[in-house]
Amino acid sequence: MKSLISRTLAVLAIAGAAVFAADKPNYTGDWKLNKAKSELGPMADRMPETVVVKIVHEEPNLTVSQPGMGGRNQESKLTTDGKENVTKRQGSQGEMAIKTKAMWEGDDLALNTSIEFGQGTMTQTEKWTLSEDKKVLTIHRKASSPMGDMEMKQVLEKQ
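Residues numbered from 1 in each chain as written. Predicted model: local features only at pLDDT ≥ 70, side-chain atom pairs only at ≥ 80, totals over all residues. Heavy atoms only, no water.

K.L.:
Looking at this structure, how should I read the overall build of the protein chain?
P.N.:
When helices and strands are tallied, the protein chain shows one helix and 10 strands. Each helix and strand of the protein chain, ordered N terminal to C terminal, gives the series α-β-β-β-β-β-β-β-β-β-β. Within the protein chain, the fraction of its 159 residues that count as buried is 33%. In the protein chain, 32% of the contacts between residues at least 6 apart in sequence involve partners at least 24 apart. For the protein chain, the exposed surface amounts to about 10,000 Å²; the carbon and sulfur share of it is 53%. (Helix = DSSP H or I, 4+ residues; strand = E, 2+ residues; numbered from the N terminus. Buried < 20%, exposed > 50% of the residue type's maximum accessible area, 1.4 Å probe, protein only. Contact = heavy atoms within 4.5 Å. Areas by Shrake-Rupley, 256 points an atom, 1.4 Å probe, with all protein chains shown as cover.)

Following this line, the structure appears as structure tokens:
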């Protein structure tokens with residue numbers, strides 16, 4: 001009897017997790033930055049004319065590919081379960097460790113990132129919000145570093 005109860009509880013837990021994941025937004029797609037609707041602040045002049053972010057989202061795994069500095073594509077592999085994910089990148093001052101924790105806050109995805117580089121550490125928070133029609137992804141970003149603070153809003157449209 002205990003074995004039957006244990007198996008039943010395990011099945012219910014798995015089914016509950018699947019239902020929970022199904023309720024969350026899925027960001028999979030190619031997303032093009034709409035510069036006119038975005039608020040890029042000091043980054044506006046540094047952004048290429050066309051920016052397309054490719055996202056593959058298979059809950060809880062999230063892979064984000066986007067253009068980086070120098071035109072090189074950058075890829076980050078994250079999970080949405082709040083665990084720290086580390087991406088190593090080569091920067092102008094040597095290797096950087098990018099540590100990110102992503103977790104759900106209702107239907108929004110919150111990302112907390114710490115980037116260690118030659119001149120110190122930059123911290124960044126992001127909130128990803130998907131429109132009801134699932135065609136617009138808005139990313140609100142706040143960053144703080146030894147060089148100052150910055151806020152921006154990116155509006156990306158699904159292609």
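K.L.:
I would appreciate a short explanation of the pairing of strand 2 (residues 52–58) in the present structure.
P.N.:
Here is the key point about a regular strand: its side chains alternate between the two faces of the sheet. Burial of the side chains of strand 2 is restricted to one face: Val53, Ile55 and His57 are buried, whereas none of Val52, Lys54, Val56 and Glu58 on the reverse face is. The pairing of strand 1 (residues 29–33) with strand 2 spans four bridges and is classified as antiparallel. Counterpart to Trp31 in the pairing with strand 2 is Val53. As paired strands, strand 2 and strand 3 (residues 61–67) are joined by five bridges and run antiparallel to one another. What sits directly across from Val56, in strand 3, is Thr63. The hairpin formed by strand 2 and strand 3 contains two residues between the paired strands. (Pairing = 2+ DSSP bridges.)

K.L.:
Explanation requested: unusual backbone geometry in the structure shown.
P.N.:
Excluding glycine, a negative phi dihedral is what most residues carry, and trans is how most peptide bonds are arranged. In this model, Glu59 is joined to Pro60 through a cis peptide bond whose omega is 10 degrees. Position of Pro60 among the secondary structure elements: in the loop between strand 2 and strand 3. Although it is not a glycine, Lys134 sits at a positive phi angle of roughly 65 degrees. Note that Lys134 resides in the loop between strand 8 (120–130) and strand 9 (136–145).

K.L.:
I tried to follow the pairing of strand 10 (residues 148–158) on my own but got confused; where do I start?
P.N.:
Here strand 1 runs beside strand 10; their pairing, made up of three bridges, is antiparallel. For Leu33, the partnering residue across the bridge sits in strand 10 and is Leu156. Relative to strand 10, strand 9 runs antiparallel, the two sharing 10 bridges. What sits directly across from Lys142, in strand 10, is Glu151. Counted between consecutive antiparallel strands, the loop separating strand 9 from strand 10 contains two residues.

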